[in-house]
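For reference, the chains in residue letters:
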Amino acid sequence: MLFLNHPFYNESKRVAIFLNRPDEVKTRKLIRLILKSGRKVFLPWYEANSSSMKLLQMINIYDIKRYTKENKDGILQFTNPENRTEAMESGGLDLVVLPGMAFSLDGKRLGRGNNDLYPNYLNELKKMSPHYRTMGLAFKCQVVYDFPLYNNCIVVDHIVHSYKVYNPAAQIIDLIDPFGNHTHYNEYLKFKPRNSSIPRIKNATMKRLYKKYKKAKNKKATNKTKKNKKSKKKKSKNNTNNKKPKSG
């Protein structure tokens, strides 16, 4: 997974992430892996009709089943916030992973309007952890070319989806091409999944295209070898015909 091989994640020890809604990227598996790595995980919590939010520490993956309940907005939240440590009260954060309705190529994040409490929280977090990084987690269709800047708009450092990592500060880093051509090879090496020379392709259409491409490539290779064999045979025949008969 690109997220787990990203330098922002590798350099972080305290990670804030979200429990996904049905229309967001699934994060439970990701949370399990982050916890397994020994990092501290923090999840958002807020009261109804409140303008402030907290990021509370998660102890283990079973906390989701035991101590969470859906609020009015359909977000799973801790039922025992008083027993949990808040990120800013216990040393700040290194990485904040954000959901969003959409992300632009220059890093702008489209939140959920008045219900979006991340901007206020991140403004406060800057005072404690000025070097924290932000990362948008999105579906491919959520990454758009551009949209207008609005009040309290968060501009993320990187955007991650299945096949690419977008770096708004530089150019788009093309990490995985479905046809196996890694254009930005040096950048690809940084994020390349361990023990894999072939990119992981999850999308069904991409898989189909990749298979077609491989088939065509193999066909070309076999045709080439056949041609080479034929030309070799012709050459050998010509050589035998051109040989002079032995003088008796």
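Located above this text is the structure these notes cover.
Everything numeric in this text was worked out from a predicted model, so none of it was measured.

Rules behind the numbers
- Residues numbered from 1 in each chain as written.
- Predicted model: local features only at pLDDT ≥ 70, side-chain atom pairs only at ≥ 80, totals over all residues.
- Heavy atoms only, no water.
- Helix = DSSP H or I, 4+ residues; strand = E, 2+ residues; numbered from the N terminus.
- Buried < 20%, exposed > 50% of the residue type's maximum accessible area, 1.4 Å probe, protein only.
- Contact = heavy atoms within 4.5 Å.
- Areas by Shrake-Rupley, 256 points an atom, 1.4 Å probe, with all protein chains shown as cover.
- Arc of directions from axis to C-beta.
- Pairing = 2+ DSSP bridges.
- Right-handed = clockwise from strand over helix to strand, strands pointing away.
- Phe/Tyr/Trp six-rings, centres within 6.5 Å; stacked < 30°, edge-to-face > 60°.
- Lys NZ or Arg CZ within 6 Å of the ring centre and 35° of its normal.

A look at the overall build of the chain
Next, step 1: A tally of helices and strands in the chain yields 6 helices and 13 strands.
Next, step 2: The burial tally for the chain puts 42% of its 248 residues in the buried class.
Next, step 3: Within the chain, counting contacts between residues at least 6 apart in sequence, those at least 24 apart form 64% of the total.
Next, step 4: With the model as given, the accessible surface of the chain reaches about 16,100 Å², and the carbon-plus-sulfur share is 51%.

Digging into helix α2 (residues 28–36)
Next, step 1: Burial in α2 covers these residues: L30, I31, I34 and L35. End-on, the buried residues of α2 take up no more than an arc of 135 degrees, which puts them together on one face. For α2, exposure combined with an orientation more than 90 degrees from the buried face picks out K29 and K36.
Next, step 2: Summarising the contacts, the buried residues of α2 are in contact with α1 (7–10), β1 (14–16), β2 (40–45), β3 (54–58) and β9 (133–137).
Next, step 3: Once α2 ends, the next one or two residues include G38, with phi positive near 95 degrees.

Regarding the pairing of β2
Next, step 1: The buried count for β2 comes to 5 of 6 residues, which makes it a mostly enclosed element.
Next, step 2: As defined by bridge partners, β1 adjoins β2 across 3 bridges and the pair is classed as parallel. Bridge pairing in β2 links A16 to F42.
Next, step 3: The parallel pair β1 and β2 is bridged by α2, and the resulting crossover is right-handed.
Next, step 4: Relative to β3, β2 runs antiparallel, the two sharing 5 bridges. From the neighbouring strand, F42 faces β3, where its bridge partner is Q57.

What about the packing of aromatic side chains?
Next, step 1: Counted according to the given criterion, the structure contains 1 aromatic pair.
Next, step 2: Between F3 and Y9, the ring centres sit 5.3 Å apart and the planes meet at 45 degrees, which makes this aromatic pair tilted. Like F3, the residue Y9 is buried in the burial classification.
Next, step 3: Directly above the aromatic system of Y9 lies the positively charged group of R39, at a separation of 4.0 Å from the ring centroid.
Next, step 4: Here the basic side chain of K108 rests over the ring of F147, its NZ or CZ set 5.8 Å away from the ring centre.

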